[in-house]
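# Structural overview
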Amino acid sequence: MSELLVDDADGVRTFTFNRPESFNAFTIALKESFLAALKEAAADESVRAVVITGAGRAFCAGQDLKEHIGLLQAGDPAPLHTVEKHYNPIVRELIGMPKPVIAAVNGSAAGAGASFAYASDLRIAGTSAKFLMAFANVGLTADSGASYTLPRLIGHGRAMEMMLLAQPVGAEEALRVGMVNQVVPDEELQETAHLLAAKLAKGPTTAYAKIKEALAAAADGTLEDALEAERRTQADCGATEDHREAVDAFVNKRAPKFIGR
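Owing to the predicted nature of the structure, the values given are computational and were not obtained by experimental measurement. (Residues numbered from 1 in each chain as written. Predicted model: local features only at pLDDT ≥ 70, side-chain atom pairs only at ≥ 80, totals over all residues. Heavy atoms only, no water.)

## Comments concerning the pattern of salt bridges
All told, the structure shown has 15 salt bridges when counted by the stated rule. Here D8 and R13 are joined by a salt bridge, their closest N and O atoms 2.7 Å apart. Since its relative accessible area comes to 6%, R13 is described here as buried. The network of salt bridges with common partners includes K210, E213, R232 and D236. (Salt bridge = Lys/Arg side-chain N within 4 Å of Asp/Glu carboxyl O. Buried < 20%, exposed > 50% of the residue type's maximum accessible area, 1.4 Å probe, protein only.)

The following block contains the structure:
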């Protein structure tokens, strides 16, 4: 049984973590296959939006601690390098993906699983979704980009509270504080996420990529950094076929047909 399911439809590539018996916890094999799949999706022009979700009752429980402790006890150095070898590259791929990424969060999202949802562009949660930063409970600090992404979503104070107290945040509270964009009934989650991704897949893909680039530059830079990023990305967008198509459609009072470049 594959630990990562991949499905293509309507220009959307959906990745499903498929270890439901372990709440989709990350083994080395799953991390490596997910990283490779993200790189492939980024390079595939037929993929114009991405959805990540989990099989069964959970989105992802984070690191598989059974595998982790087994390797530690065996003296295997692999657990000590997984952040630099797996988690950091995965977060870079998610944030740098040149097309929209939607996390469809079903059930529990903990540790690295929650962090990958934070690194996505949009988050849709089912009503049963819960987000948990429990690193401190196992004597660890944040990883998978959570120290960067989570405070930018909900603020430093709330992020610190989640990290130190390791208390779960339910779907409605996550919506209230800005951690997720939308909450829907569990049974409507996958369809809602796919419909949104399919809508984005019909849009100006290059413009979406440049929006992501500009917002990333502005998040950590000065006003001048932001203005320079806007100048560069706007010039890039202005040279696309989609921009010319959109302008022509506006002038001729018709709906544009974007091709993603």
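## Overview of helix 5 (residues 146-154)
Along helix 5, the residues classified as buried are A146, T149, L150 and I154. The arc enclosing the buried residues of helix 5, seen along the axis, measures out at 100°, which places them on a common side. Residue G155 follows helix 5 closely and has a positive phi angle near 95°. (Helix = DSSP H or I, 4+ residues; strand = E, 2+ residues; numbered from the N terminus. Arc of directions from axis to C-beta.)

## So, the sheet that holds strand 9 (residues 169-170)
Judged by pairing direction, the sheet is mixed, and its four strands sit side by side in the order 4-6-8-9 without closing on themselves. The sheet is open, and its two edges are formed by strand 4 (58-60) and strand 9, each paired on a single side. Along the sheet face, helix 4 (residues 112-119) touches strand 4, strand 6 (108-110) and strand 8 (130-132) and points at about 95° away from the line of strand 6. (Pairing = 2+ DSSP bridges. Contact = heavy atoms within 4.5 Å. Axes fitted to C-alpha atoms, helices over the stretch in contact; angles between N-to-C directions.)

## Observations regarding the pairing of strand 2 (residues 12-17)
Moving residue by residue along a regular strand, the side chains alternate between the two faces of the sheet. Within strand 2, six of the six residues are buried, which leaves the element mostly enclosed by the surrounding structure. Residues V12, T14 and T16 line one face of strand 2 and the alternating positions R13, F15 and F17 line the opposite face, and both faces are buried. The pairing of strand 1 (residues 4-9) with strand 2 spans six bridges and is antiparallel. Considered in strand 2, the bridge of D7 is made with T14.

## Looking at the nonpolar core
In terms of nonpolar packing, the biggest core is built from 48 residues, with F34, F131 and M179 touching the most fellow members. Setting aside residues up to four positions removed in sequence, M179 forms contacts with Y118, R123, F131, L150, L153, I154, M162, V169 and A174. Counting residues in each nonpolar core, the second largest holds 13 residues, with A49, I102, A104 and L189 among its members. (Core = buried A, V, L, I, M, F, W, Y, C linked by side-chain atoms within 4.5 Å.)

## A few points about the side chain of T233
Positionally, T233 belongs in helix 10 (residues 223-238). Its relative accessible area of 5% is what places T233 among the buried residues. Among the polar contacts made by the side chain of T233, one reaches the main-chain carbonyl oxygen of A229 at a distance of 2.7 Å. Filtering out sequence-adjacent residues up to four positions away, T233 remains in contact with K210, E213 and A214. (Polar contact = N/O pair within 3.5 Å; in protein donor to acceptor, adjacent residues only side chain to side chain.)

## Overview of the packing of aromatic side chains
Enumeration over the complete set of coordinates arrives at nine aromatic pairs. Plain terms: the ring middles of F17 and F59 are 5.9 Å apart, the flat faces sit at 75° to each other, and that makes the pair edge-to-face. Of this pair, F17 sits in strand 2 while F59 sits in strand 4; the two residues are 42 residues apart in sequence, bridging distant segments of the chain. Ring centres 6.0 Å apart and planes at 55° place the aromatic pair Y87 and F116 in the tilted group. With Y87 in helix 3 (residues 78-96) and F116 in helix 4, this pair connects stretches of sequence that are 29 residues apart. Judged by its relative accessible area of 2%, Y87 falls in the buried class. Within the aromatic cluster, the residues linked to one another by ring pairs are F15, F17, F26, F34, F59, Y87 and F116. Sitting above the plane of the Y148 ring, R152 keeps its charged end 3.7 Å from the centroid. (Phe/Tyr/Trp six-rings, centres within 6.5 Å; stacked < 30°, edge-to-face > 60°. Lys NZ or Arg CZ within 6 Å of the ring centre and 35° of its normal.)

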